[in-house]
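# Overview (structure and organization)
Spelled out, the chains give:
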Amino acid sequence: MRPADGPSPGWRVHGTSSIGYRHLRERMPCQDAWRVGRTPAGLVLAVADGAGSAPRSKEGAQQAVRLATRAFEPLVTPWERLPDAHARKEALTEAFRDVRTAFLQSCGGSPGPYATTLTVVVLAPGWLGQLSVGDGLVVVRSDVGDPARPAYDLLPRAHTGSEYANETVFVGSPTALRHLRVDCVRDDGIDGVLLSTDGLTQALLRRAPAGRPPMPHDAFLGHLFDRLARPDYDHDEEERQLSEFLGSDQITRVTGDDKTLLWAIRT
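Criteria and cut-off values
Residues numbered from 1 in each chain as written. Predicted model: local features only at pLDDT ≥ 70, side-chain atom pairs only at ≥ 80, totals over all residues. Heavy atoms only, no water. Pairing = 2+ DSSP bridges. Helix = DSSP H or I, 4+ residues; strand = E, 2+ residues; numbered from the N terminus. Axes fitted to C-alpha atoms, helices over the stretch in contact; angles between N-to-C directions. Contact = heavy atoms within 4.5 Å. Buried < 20%, exposed > 50% of the residue type's maximum accessible area, 1.4 Å probe, protein only. Polar contact = N/O pair within 3.5 Å; in protein donor to acceptor, adjacent residues only side chain to side chain.

### Thoughts on the sheet that holds strand β2 (residues 32-39)
Spatially, β2-β3-β4-β5-β8 is the arrangement adopted by the 5 strands of the open sheet, whose pairing is antiparallel. Looking at the sheet topology across the chains shown, the edges are occupied by β2 and β8 (181-186). For this sheet, the mean angle separating the axes of adjacent strands, direction not counted, is 10°. Pairing analysis gives 7 bridges linking strand β4 (residues 118-124) to strand β5 (residues 127-133), with the strands arranged antiparallel.

This is the structure we're talking about:
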């Protein structure tokens, strides 16, 4: 994985993964992966969650984020270069087709052992693009006029395509393109974004009134972004605090899964 705390025009980024206690108990490695792609215009952020039942899913997740940052970096251009949301979404979809083709080739045509989800965000002046297959999530932070009270919005999540709640679609699944989620958000006020694998759903989201989708947990998200934006931000100290939190009883009580966070804030 590329270091996430190096210089990038206008953005500070932090990423971390933590092994779930179920994997510790079974002596399995963390099967999540994350990666950051940087260009003069912005960022590509990618997270992947390898399937626990797939023997080589750690390799699959690592390969998926490597391929994604490479394929999506050419799309990191200002909105004015392609001011058409439909065309932007088509470009995002084509980039995923390239990722999936290369992924299948790297798996020797047998993707099952390498099963992994993939969530990608392209962050460039004036817009944000999201593409996901599987159960990752993306939260966008925007300045709505009061810097002290930013808004947090959960972007729509990809459908699993399954009748079973514990099943999902993977990059190498035959139905991946059919169940792909692609969004293009046109907003000059975006000043932060967070990607996560589903192991942190309980911490990041809170229940909404009946019939409505979950809502971002503003207090937790605000704490993360505020720390990242501090002038005295220290990567190692942030990593220490996150490792303690992700391994705490508070988190392990609600999930035994691997957990990955990758977030960026405009500086």
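### Some details on the sheet that holds strand β6 (residues 137-142)
The 5 strands are arranged β1-β12-β9-β6-β7 in an open sheet whose pairing can be described as antiparallel. Each of the sheet's edge strands pairs with one partner strand only, and the pair in question is β1 (11-18) and β7 (151-154). The average undirected angle you get between the axes of adjacent strands in this sheet is 15°. Strand contacts of helix α6 (residues 235-246): β1 and β12 (259-266), with the helix running at about 35° to β1, the strand carrying the most contacts.

### Describing the pairing of β2
The side chains of a regular strand alternate, residue by residue, between the two faces of the sheet. For β2, the tally of buried residues reaches 7 of 8 residues, placing the bulk of the element in the interior. By the bridge criterion, 8 bridges tie β2 to strand β3 (residues 42-49) in an arrangement that is antiparallel. If you follow T39 over to β3, its bridge partner there is G42.

### Overview of the pairing of strand β9 (residues 190-196)
The buried fraction of β9 amounts to 7 of the 7 residues, a majority that puts the element mostly inside the structure. Strand direction decides the pairing type here: β6 and β9, joined by 6 bridges, are antiparallel. Paired with V138 across the two strands is L195, which belongs to β9. Looking at chain direction, β9 and β12 are connected through 5 bridges and run antiparallel. Counted as the bridge partner of G192 is I265 from β12.

### Observations regarding the environment of H14
Structurally, H14 can be placed in strand β1. H14 sits in the buried class, given a relative accessible area of 0%. Counting along the chain gives 250 residues from H14 to A264, while the straight-line C-alpha distance between them is 6.5 Å. In this structure the side chain of H14 is engaged in a polar contact, spanning 2.7 Å, whose partner is the side chain of Y233.

Structural measurements only, silent on function.
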